[in-house]
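Chain by chain, the residues:
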Amino acid sequence: PGQDMRKHVIMTLLDTEQSYVESLRTLMQGYMKPLKQPENSLLCDPSLVDEIFDQIPELLEHHEQFLEQIHDCVQNWHEKQKVGDLLVQSFSKDVLVNIYSAYIDNFLNAKDAVRIAKEARPAFMKFLEQSMRENKEKQALSDLMIKPVQRIPRYELLVKDLLKHTPEDHPDHPFLIDAQRNIKQVAERINKGMKSAEEVERNARIVQEIESHIEGMEDLQAPLRRFLRQEMVVEVKAVGGKKDRSFFLFTDLLVCTTLKRKSGSLRRSSMSLYTAASVIDTASKYKLLWKLPLEDVDIVKGASQATNRESIQKSICRLDEDLSTLGQVSKLSETLSFPHQSLDDVIKDLMAAIHRELTEKQSLSFSMAFPPNKVELSTTKADGTESFIFEFPNPDARLGFEQAFEDAKKKLASSKNCLDPEFLKAIPIMKTRSGMQFSCASPSHGSPESSHEVWVCNSDGYVGQVCLLSIRKEPTVEACIAVCSARILCIASVPGLKRAYSCFFPPSPRRGRERAEPVGSPSSEPMPAQPEDAGPQPCLHISISGSSLELSEPVDGGNRELVPFDSDDTDDESSPSPSGTLQSQASHSTISSSFGNEEIPSCKEATAETTSSEEEQEPGFMPITSTYGQNRHGESPTDGRALRRSSRGSFTRGSLEDLLSLDPEAHQSSMWLGTEDGCIHVYQSSDNIRNRKNSMKMQHAAAVMCILYLDNQVFVSLANGELVAYQREAGRFWDPQNSKSLSLGSPGSPITKMVAVAGKLWCGCQNRVIVLNTATLAQEHTLQVGQDGGRSVTCMVSAGTGVWVALQSSAQVRLYHATSYEQLAEADITPPVHKMLAGSDAIIRQHKAACLRITALLVCKDLLWIGTSAGVVLTLAVSAKAAPALVGLSQGHTGHVRFLTAIELPDGFDVLFPLP
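The text that follows walks through the structure, step by step, so that each part is easy to find. What you see is a predicted model; the values in this text were computed from it and never measured. (Residues numbered from 1 in each chain as written. Predicted model: local features only at pLDDT ≥ 70, side-chain atom pairs only at ≥ 80, totals over all residues. Heavy atoms only, no water.)

**As for the sheet that holds strand β25 (residues 722-727)**
As a general point, the strands of a sheet are linked pairwise by backbone hydrogen bonds and lie either parallel or antiparallel. Put simply, the rule is: Being paired, for any two strands, means DSSP has found at least two bridges between them. Helix numbers and strand numbers start at the N terminus; a helix is a DSSP run of H or I with at least 4 residues, a strand a run of E with at least 2. Between N-to-C directions, angles span 0 to 180 degrees; the directions come from axes that are lines fitted to C-alpha atoms, helices contributing only their stretch in contact.
Within the open sheet, the four strands sit side by side as β23-β24-β25-β26. Their pairing is antiparallel. A single partner strand is all that each edge strand has here, and the edge strands are β23 (704-710) and β26 (739-743). Neighbour-to-neighbour, the strand axes of this sheet turn through a mean angle of 20°, independent of strand direction. Pairing of β23 with strand β24 (residues 713-718) involves six bridges; the strand directions are antiparallel.

Here it is as C-alpha cells:
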C-alpha cells in the first residue's frame, strides 16, 4: 500500500507539473510571442511586454526539463525508484531561486504594466479576451501570471505527502528530506519577497490616495515614505476660537489640514486593505494648511513649556508698556496747534494693533494651563519659530500620537545618522560636445598642489575629455580639456618612486595630514606610526550620472549633524554607456586610495607616503621568470611607438642606455588613461595637462579595458584577452619597452575588471575570477561567479577580508572570502530600488525596473556603495555584525550611475560651502 501511495503522489506531481508547464507555454505561445510580432506592436508598448513576461521564458525552460525527468521516473517506476534526487537537483540551483525571486519582485510591476496597457490601448483588451477564448484552459492572463507564485507551496505539500508514505530505510528518504529543506528555503525567500513587494505597493497606494483626498496637496509620494496614523484634533487659536483640524503623520512628515466632517463620526473600512479607506476617514473633506518635515517639528514639554509661558508673559508686559507709552504720545499730540489728524490716525491704528496682539497673547497664556489632552507643537522656519496648540478628544489619543511622533523622529534620525551620508552638492560639468557621457574618474595622488584633484573622464566616442575637479576649499571645476580622439574607458593613478633618503628619516608632520597606520607595498620598509590622535578625515564621495556630479559626505565616527537636501537632477543621459561592460565602473585606484588595498597611497595615508608626496620606496628589481615570456618576438606591446616627454615639454631621445639612466621624473606620480582605440596616455600628476603635455603615449593592438597599479607594476588588460604588465626599476620612470604579457582571455572574453586583494591580483574574465601572483604571474586559483558563463565580471571591490563581485546585467552582488574564496553572502538590489522608485510615475518605474542592474561599486568608511542602472545609489554596512540591509540614498540620478569614487577632504575644506 505504501508503494502504491508513493506512486500516486508522484503521479499527482507529474499531472500538476504537466498543467503548470502548459500554463507557462500558454503565456509564451498565446500571449508573449504574438505581442512580440512586429504587426502587433501597436497593441502594447514593447517595453511593457518585456515587463509583463519577465522571467517567463526562463521558468518554462527549467520546468520543461524537470517535467521530462519526472516523466522518465514514472515510465521506469520500480519499488526503489527515487524522485527526491531530482527535486534536490532542481531546487538547489541558485539560478532557479534567482529566477523565482526576480519574478516575484517584478510581479506587482507586471500587473501594473497590464493595467497601463489596457488603459492606453483598447485593442490590447480585445487581444486578451480573444487569447483567453483560444487557450485550452480558457484562462485569463491574470490567472496565468499568478501560477508561478502559487507553484512553490504546491511542491512543499507534495514532498510532505511523499515523506509520509516513504519508509526511513528507503533510498529515497534522505533525498526527500534534503528536497523538503531546499524547497522550504525557496518558498520562504519567495514569500518574503512577495510580502515585501505587497507592503511597498500597499504603502505607495495609500499615500497616493491620501494625496488625492487632501485639497491642495502635491508631491506627497516619496521613496520610503509610509503613512502612520491620522488624528482628529482641535486647534486652540488665540483669535478665532477653536477650529477642527486633522493630523496626517508619516514616517518623515507631519501634515495638518482643515476638517469638514460629513458623517459627524470617524469611519474607516476594514475591507479595503490597499486603499486609504482602511486607515483614514474618507468621508470627511480636507484642505491643506501646512506640511512640515518631522526634523522641523517638536512637542514642547516640561521646562520648555514653562519657558514658553514665561516668554508669553514677558510679551504681555511689553505690550502693556507700549500701550501706556502710546497713551502719553496721544495726550502730547493734543497740545499741538498745527493740524495733526494724520498723526492721530497713526496712533489710533497702532494702538488697535497692539490691543489685538495683547488679546491674542492673553488668550494663549490662558490656554497654556495644559489639561492632559492638549499638545503644543513648536516648528522651526526660516523666519523663526512658531507654536501651535492642539486639543485631542481624550488623553489616550494624545498619548498615542505623542508616542508615534517621537518613535518616528527617532527612527528617522537613526536611519540618517547610520546609513544616509550627507548630500553636499550636485556639480554640473559643461558639455563641450553633444552626447558626452561620463565613463570613469580617479583622484590625483601627485604633488601637494594636485593632491586634492579628481580627474573626471567623459567622451562621446570621438573625443576623450578630462575635467579637473578641485576639492581644496569647495568642489570646483577648474578646466575641461580634450586629450584624445577616442573614448576614455579607464583611468588609474600611479605613485612615483620614493627618494632613497625617505627611509632613514621619520616623516615630518605636514599640516596634521598623516594617518595613524602606515600603508605601503610589500616591498616598502616599515615606518614608525604616527600618534593615534590623528583621526580619520571626512571623505568626499562623487557619484556621477549624465551631466552632473553628486558629492556626499559618508558616515563618520563623530556626531556630525546630517541635513538632507532635495536633488535638482539635471541628468539627461539616460541611455546606457556605449562602452558596454565598462560603463559605470568605479575606478579601483580611488578605492585603494581610501583603504590601502593597493599600493596607491591616498593623500593622507601612511607616514611613509606623506614624506615625499606619493612616491614609493625604491625596491630591488626582481627579474621576471621567462615562464610567461615577453611579447611575441620579444617586442613590447607598443611596437616601439612610445614618445617620452618631460613635464617641461622637452623630449627625451637617445639610446637604450640613456632611457634607462636615473631619471628625476621617476619620483613623480602619474595618471594613466586607457582609450577605446588601444592607446594609453600617461600624464605626470604635476604636469600642466592644459598644455597637453603627456609624458608618454603607448599604442596597443586592442582597446584598453582597465588599468591597475600593484607591487611596483602597472597591469593593463586589453580587449583581445591580453594582460600586459609594465615594470620599472629603481631610479627609472616607466619604460614602454620593459613589459611582459600574458594571454588570460580571448577577444570575445577579455579581462573586464582587476582588483588588488591581499597582495594578489584578481582578474575578472567572463564569470570567472583568476587570482594571479604578481611576482611570477602564475595562476594560483580560479573562482567561478554564478552559473551563467555569458555574463562577465563588471564590478569588483575589496573590503577587508572580503571581495564584492557583480556580473554584467545582474542585480545581485556577491561577497567572497579573500583567501578561502568561499561565497559568504549575496544581496539583491531589486527590492530596495523598487522601494526608492515607489513614488515615481508608473511608466518610469516600469522602464527602470525592466533592465535593472548594478553599474558601479565602491567601498569607503565601512559602507559598500552600489550604483545602479536606475540611477538609485544604495549603501550596505559591511562591518555590521547582524545581517545588514541595503538602504537607498535620497539623492539619485535620472540615468545610470556611471562611476563612484572617493577622495580625502583636505584641511580647510568648508563642509558648509555656499550651496547653489
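**Notes on the environment of Asp-54**
Here Asp-54 lies in the loop between α2 (46-52) and α3 (56-75). Through-space distance from the C-alpha of Asp-54 to that of Met-32 is 10.0 Å; in sequence the pair is 22 residues apart.

**Some details on the pattern of salt bridges**
Worth spelling out the cut-off: The term salt bridge refers to a side-chain nitrogen of Lys or Arg lying within 4 Å of a carboxyl oxygen of Asp or Glu. For every residue, the accessible area obtained with a 1.4 Å probe (protein chains only) is divided by the maximum for its type, and the residue is called buried under 20%, exposed over 50%, and partly exposed between those limits.
With the rule as written, the count across this model stands at 15 salt bridges. Residue Glu-22 is joined to Arg-25 by a salt bridge in which the shortest nitrogen-to-oxygen separation is 3.2 Å. Taken together, the residues span about one helical turn, with Glu-22 and Arg-25 both in helix α1 (residues 2-36) at a distance of three residues. Residue class for Arg-25 comes out partly exposed when judged on its relative accessible area of 29%. Between Arg-398 and Glu-402 there is a salt bridge whose closest N-O contact spans 3.0 Å. Taken together, the positions of Arg-398 and Glu-402, both in helix α12 (residues 395-419) and four residues apart, correspond to about one turn of that helix. In this structure Glu-402 comes out as buried when scored by relative accessible area, which is 10%.

**What about the packing of α3 against helix α5 (residues 94-120)?**
Any two packed helices are characterised by how steeply their axes cross, that is the angle between the axes, and by the distance between the axes. We count it as follows: Crossing handedness: left-handed means the near helix sits turned counterclockwise from the far one by under a right angle, and right-handed means the same turn made clockwise. Only heavy atoms enter the contact rule, under which two residues are in contact if any of them lie within 4.5 Å. Three categories are distinguished: nonpolar for Ala, Val, Leu, Ile, Met, Phe, Trp, Tyr, Cys and Pro, charged for Asp, Glu, Lys and Arg, and polar for the others, with Gly belonging to the last.
Look at α3 against α5: their axes get within 10 Å of each other, and the N-to-C directions meet at 140°. When the axes of α3 and α5 are compared, the crossing they make is left-handed. In this structure, α3 contributes Ile-56, Glu-58, Leu-59, His-62 and His-63 to the contact, and α5 contributes Leu-96, Ile-99, Tyr-100 and Tyr-103. Broken down by class, the residue content of the contact of α3 with α5 amounts to six nonpolar, two polar and one charged.

**Things to note about helix α6 (residues 122-134)**
The test is simple: Expected span of a helix, by definition, is 1.5 Å for each gap between consecutive residues, and there is one gap fewer than residues. Each C-beta atom gives one direction from the helix axis, and the arc is the one those directions make.
Here α6 is 13 residues long and its end C-alpha atoms lie 19 Å apart, about the 18 Å a rise of 1.5 Å per residue gives. Buried residues of α6: Phe-124, Phe-127, Leu-128 and Ser-131, and no others. Along the axis of α6, the buried positions cluster into a sector of 100°, meaning they face one direction only. Away from its buried face by more than 90 degrees, α6 exposes Pro-122, Lys-126 and Arg-133.

**Focus: unusual backbone geometry**
At Asp-219, a residue that is not glycine, the phi angle is positive and equals roughly 55°. You can see Asp-219 is positioned in the loop between β1 (214-215) and β2 (227-236). For Tyr-821, which is not glycine, the phi torsion reads 65° and is therefore positive. When you line up the elements, Tyr-821 lands in the loop between β33 (812-817) and β34 (823-828).

**Observations regarding the pairing of β34**
In this structure, β33 lies alongside β34, joined through five bridges in antiparallel fashion. Across the sheet, Val-813 pairs through a bridge with Ala-827, a residue of β34. Connecting the antiparallel pair β33 and β34 is a turn made up of five residues, with Tyr-821 showing a positive phi of about 65°.

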